[in-house]
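Structure at a glance
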Amino acid sequence: MANQRVPQILFVQGAGAGVHDEWDNKLVDSLGRELGEGYEIHYPRMPDEDDPSYATWSAAIRREIAALDDGPVVVGHSVGGTILVHTLAERPPERTLGAIVLIAAPFVGPEGWASDGFEVPHDLGARLPHGVPVHVFHGLEDDTVPLAHADRYADVVPQAYLHRLPGRDHQLNDDLSDVAGAIRGD
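So, a few notes on the structure that sits alongside this text. (Residues numbered from 1 in each chain as written. Predicted model: local features only at pLDDT ≥ 70, side-chain atom pairs only at ≥ 80, totals over all residues. Heavy atoms only, no water.)

**Looking at the overall build of the protein chain**
Basically, it comes down to this: Strands here are runs of E lasting at least two residues and helices are runs of H or I lasting at least four, both read from the DSSP assignment and numbered beginning at the N terminus. The atom set for the radius of gyration is the C-alpha atoms, and the globule formula is 2.2 Å times the number of residues raised to the power 0.38. Partly exposed describes any residue whose relative accessible area lies between the buried limit of under 20% and the exposed limit of over 50%, with all areas from a 1.4 Å probe on protein chains only and scaled to the type maximum.
Scanning the protein chain from N- to C-terminus turns up 7 helices and 6 strands. The N-to-C order of helical and strand elements in the protein chain reads β-α-α-β-α-β-α-β-α-β-α-β-α. A globule of 186 residues ought to have a C-alpha radius of gyration of about 16 Å, and the protein chain, at 15 Å, matches this closely. Taken along its principal axes, the extent of the C-alpha atoms in the protein chain is 55 × 35 × 30 Å. Within the protein chain, buried positions represent 50% of all 186 residues.

**Re unusual backbone geometry**
Glycine aside, residues mostly have negative phi, and peptide bonds are mostly found in the trans state. Backbone geometry at E111 places phi at a positive 65°, although glycine is not the residue there. In this fold, E111 is placed in the loop between β4 (99–103) and α5 (124–127). One non-glycine residue, D174, lies in the positive phi region at around 55°. Among the secondary structure elements, D174 is positioned in the loop between β6 (161–165) and α7 (177–184). Take D174: its relative accessible area is 28%, and that puts it in the partly exposed class.

**Details of the environment of F11**
For clarity, the cut-off: Contacts between residues were defined by any pair of non-hydrogen atoms, one from each residue, lying within 4.5 Å.
Considering the arrangement of structural elements, one finds F11 in strand β1 (residues 8–12). Sequence spacing of F11 and L27 is 16 residues, and the spatial spacing of their C-alpha atoms is 9.3 Å. The residues touching F11, leaving out its near neighbours within four places in the chain, are D24, L27, V28, L31, I41, H42, Y43, P44, V75, H77, I103 and L176.

**So, the nonpolar core**
As a reminder, the rule being used: We define the nonpolar core as a collection of buried residues of types Ala, Val, Leu, Ile, Met, Phe, Trp, Tyr and Cys that are connected through side-chain atoms lying within 4.5 Å of one another.
Within the largest apolar cluster, 33 residues are counted, with the highest numbers of intra-cluster contacts made by V74, L88, I100, L124, L128 and Y153. The set of elements that each furnish at least two residues to this core consists of β1, α3 (54–66), α4 (79–90), β4, β5 (134–139) and α6 (147–156). Residue contacts for V74: discarding those within four places in its chain leaves L10, I65, L84, L88, L97, A99, I100 and V101. Within the second largest apolar cluster, 21 residues are counted, among which are V75, F137, V179 and I183.

**Overview of the pairing of β4**
What counts, and what does not: Any two strands with at least two DSSP bridges between them are considered paired. Orient the strands so they point away from the viewer, and a crossover whose first-strand-to-second-strand path over the helix runs clockwise is right-handed.
The element β4 is largely enclosed, with a buried count of 5 among its 5 residues. Residues A99, V101 and I103 of β4 are buried on one face, and the alternating residues I100 and L102, pointing to the opposite face, are buried as well. One ladder, built from 5 bridges, connects strand β3 (residues 73–77) with β4; its direction is parallel. Note that in β4 the partner of V74 across the bridge is I100. With α4 bridging β3 and its parallel neighbour β4, the resulting β-α-β unit is right-handed. Pairing between β4 and β5: 4 bridges, direction parallel. Within β5, the position partnered with L102 by the bridge is V136.

**Remarks on the sheet that holds β6**
Keep this limit in mind: Convention adopted: a line fitted to C-alpha atoms gives each axis, helices being fitted over their contacting stretch, and angles between N-to-C directions are expressed from 0 to 180 degrees.
If you walk across this open sheet you meet the 6 strands as β2-β1-β3-β4-β5-β6, and the pairing is parallel. Strands with a single pairing partner mark the edges of an open sheet, and in this sheet they are β2 (40–42) and β6. When the angles between neighbouring strand axes are averaged without regard to direction, this sheet yields 20°.

**Digging into the environment of P7**
Along the polypeptide, P7 turns up in the segment before β1. Taking the C-alpha atoms as reference points, P7 and P72, separated by 65 residues in sequence, lie 6.5 Å from one another. Apart from the residues lying within four places of it in its own chain, the contact partners of P7 are G38, Y39 and E40.

Laid out in structure tokens, this is it:
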């Protein structure tokens, strides 16, 4: 019997004091429940979660991806998604990715939020790994990051699948069933 690898998922948390243990852990728990057995979810604590910097978080994300097998799905929530996608666009990862998933990610740049550290390039889609599905999830009741940010990602990543979720907030009501469906390819 051949040794079959378990699909791996890297979940990059959002920013803020206590987010890893008090907020985004609920998203990871939901994703694990919805995917069921047969997936290996990696949920590292990002450095200085209450005061993230692009330099430290992108270095941590690169290390985490490099430690995985080929084919992982990378998921980023909120600021974690913003830094994740910019990290992937800046330099291709050492691994072939299965998919890129952004959840309630702020768009940094024109018509989005300002940042000292970086700006999402206008040709983001062309800079991401070719042939890798990109999913952008955003709750229509998100009062933290406006829906227009998801639309901006759709503009600069033409290959992205945009999932607008009615009745869902910034944490998608701690329900990642739609995300799990996209990861499984439903």
